[in-house]
Amino acid sequence: MLRIHPLPAFDDNYIWVLTVPEQNACIVVDPGDEEPVLEYLEKQGLELSGILVTHGHGDHTGGVRELKKRWPRAMVWGPAREPVPVVEEHLGEGDEISLAPLPFSCRVMDVPGHTSGHLAYLSGDILFCGDTLFAGGCGRVFSGTHDQLSDSLRRIAALPAQTLVYCAHEYTLANLGFALWVEPDNPAILARKEAEERKRALGLPTVPSRLALELETNPFLRTAEPAVVAAAEAWAGRALNGHREAFRALRDWKDQDYD
Ligand code: ZN
Ligand code: FE
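The rules we used
- Numbering of residues starts from 1 in every chain and runs along the sequence as written.
- Naming scheme: in the order in which they are written, chains are lettered from A and ligands are numbered from 1.
- Only residues with pLDDT of 70 or above have their local features reported here, since the model is predicted, and side-chain atom pairs are shown and tallied only from 80 upward, although totals for entire chains, interfaces and linings are computed over all residues.
- Remark: hydrogens and water are excluded; side-chain values derive from all non-hydrogen atoms of the structure.
- Elements are defined by DSSP. Helices are runs of H or I of four residues or more, strands are runs of E of two residues or more, and each kind is numbered from the N terminus.
- Here the radius of gyration uses the C-alpha set of atoms, whereas the globule reference equals 2.2 Å times the residue count to the power 0.38.
- The cut-offs for exposure are 20% and 50% of the maximum accessible area for each residue type, with area from a 1.4 Å probe on protein chains only; residues under the lower value are buried, those over the upper are exposed, and the others partly exposed.
- Any two residues whose heavy atoms approach within 4.5 Å are treated as being in contact.
- Residue burial considers only the protein chains on display, and all accessible areas are found by Shrake-Rupley using a 1.4 Å probe.
- As used in this record, nonpolar core signifies buried Ala, Val, Leu, Ile, Met, Phe, Trp, Tyr and Cys residues forming a set joined through side-chain atoms within 4.5 Å.
- Donor criterion used throughout: N, O or S atom within 2.8 Å of the metal, extended to 3.2 Å for Na, K and Ca. Water excluded; incomplete-looking sites may result.
- Geometry assignment treats four donors as tetrahedral when all angles are between 85 and 135 degrees, treats four as square planar and six as octahedral when opposite donors are over 155 degrees apart and all others between 65 and 115, and treats everything else as irregular.

Asks: Got a minute to help me understand the overall build of the chain in this structure?
Replies: Assigned secondary structure in the chain consists of nine helices and 14 strands. Here the chain has a C-alpha radius of gyration of 18 Å; the compact-globule value for 259 residues is 18 Å, and the two agree. Seen through its C-alpha atoms, the chain measures out along the principal axes to roughly 55 × 40 × 30 Å. Burial statistics for the chain: of 259 residues in total, 54% are counted as buried. Restricting to contacts in the chain with at least 6 residues of sequence separation, those with at least 24 account for 59%. Of the accessible surface of the chain, which amounts to about 11000 Å², a share of 51% is contributed by carbon and sulfur atoms.

What follows is the structure in structure tokens.
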């Protein structure tokens, strides 16, 4: 049984720590800062065996060098299609990696858009997707393109509905606020907002989330829903054809008017 523990970092990042019972090896995902990782691994008596990097942004990679100093043999996996100097093994779509000594493997997905070479890692029904899909929202477009991000989100949306989405930021409440701009009357979004507010009031993470819930509440995965398309068209002031155009309008709407 894979255990996945969130380490909060900076204001709103999560660094994920993967362990299994009765082994002291662990894998971390997107260590933007070494401090919380060093502290947690020390306290738990864990040894780092590998680092998964989804993309090159500093809030996902800033701790890698220091962690390598402490655990020089830890492998650093990351994207082949964007330059990330700390990465040792460069991966792309369809690659399969072993997380040994943990008894798990991961399949690599290319999910460009937020950045040009962004990766997601899928192990069974667990998805580490960095800044591509967020709970209730999605990443901004930096070095990738809107069309890429739209296509990447559609590929994630096509995974099994029970998939658990481990994204890299706690942006959920703000994202659901925007989701309600798009679909003010969607009862699933209203119910989710209340449930996530209760978690945050208790200091609990809202991540991971089930893909099934994202499909019901995340506007960026709902670009074929008539209500979502109508709202995006009203904002854009023109007809929108297809997922990509609806996606682009939603992303621009949120970037320009919401935050
Ligand atoms: Zn990023
Ligand atoms: Fe980030």
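Asks: In this structure, what is going on with the nonpolar core? I would like to understand it.
Replies: Most often, soluble globular proteins keep nonpolar side chains buried together rather than apart. By size, the foremost hydrophobic cluster in this structure holds 53 residues, and its most contacted members are W16, L18, L52, L99, Y121, F128 and I156. Sequence-distant contacts of L18, defined by excluding residues within four places in its chain, comprise L2, R3, I4, A25, C26, I27, V29, L99, L102 and F128. The next biggest cluster of nonpolar side chains, apart from the first, holds 21 residues, and it includes A9, V17, V37 and V84.

Asks: What is the right way to look at the environment of G56 in this model?
Replies: Relative to the helices and strands, G56 is located in the loop between β4 (47-52) and α2 (58-61). On the accessibility criterion, G56 (27% relative accessible area) is partly exposed. Remark: the alpha-carbon pair of G56 and V86, spanning 30 residues in sequence, is separated by 8.9 Å.

Asks: Is there a simple way to explain the coordination of the zinc ion (ligand 1) in this structure?
Replies: Within the protein, the zinc ion (ligand 1) binds to H55 (NE2), H57 (ND1), H114 (NE2) and D131 (OD); these donor distances fall in the range 2.2 to 2.3 Å. Taken together, the four donor atoms surrounding the zinc ion (ligand 1) define angles of 86 to 170° at the centre, an arrangement classified as irregular. The sequence pattern describing where the donors of the zinc ion (ligand 1) fall on their chain is H-x1-H-x56-H-x16-D. For the pair the zinc ion (ligand 1) and the iron ion (ligand 2), the metal-to-metal distance amounts to 3.2 Å, and D131 bridges them. Of this pair, H57 sits in the loop between β4 and α2 while D131 sits in the loop between β10 (126-130) and β11 (133-134); the two residues are 74 residues apart in sequence, bridging distant segments of the chain.

Asks: Please explain the coordination of the iron ion (ligand 2) as it appears in this structure.
Replies: The reference angle at a metal is 109.5 degrees if four donors form a tetrahedron and 90 or 180 degrees if six donors form an octahedron. Every protein donor of the iron ion (ligand 2) is accounted for by D59 (OD), H60 (NE2), D131 (OD) and H169 (NE2), and the metal-donor separations fall at 2.1 to 2.3 Å. Here the iron ion (ligand 2) is ringed by four donor atoms whose angles at the metal span 84 to 166°, and the overall shape comes out irregular. Binding-site remark: the iron ion (ligand 2) is held by donors from one chain whose sequence spacing is D-H-x70-D-x37-H. Using a relative accessible area of 23% as the deciding quantity, one classes D59 as partly exposed. Taking relative accessible area as the criterion, H169 reaches 4% and is therefore assigned buried.

Keep in mind these values describe shape, not function.
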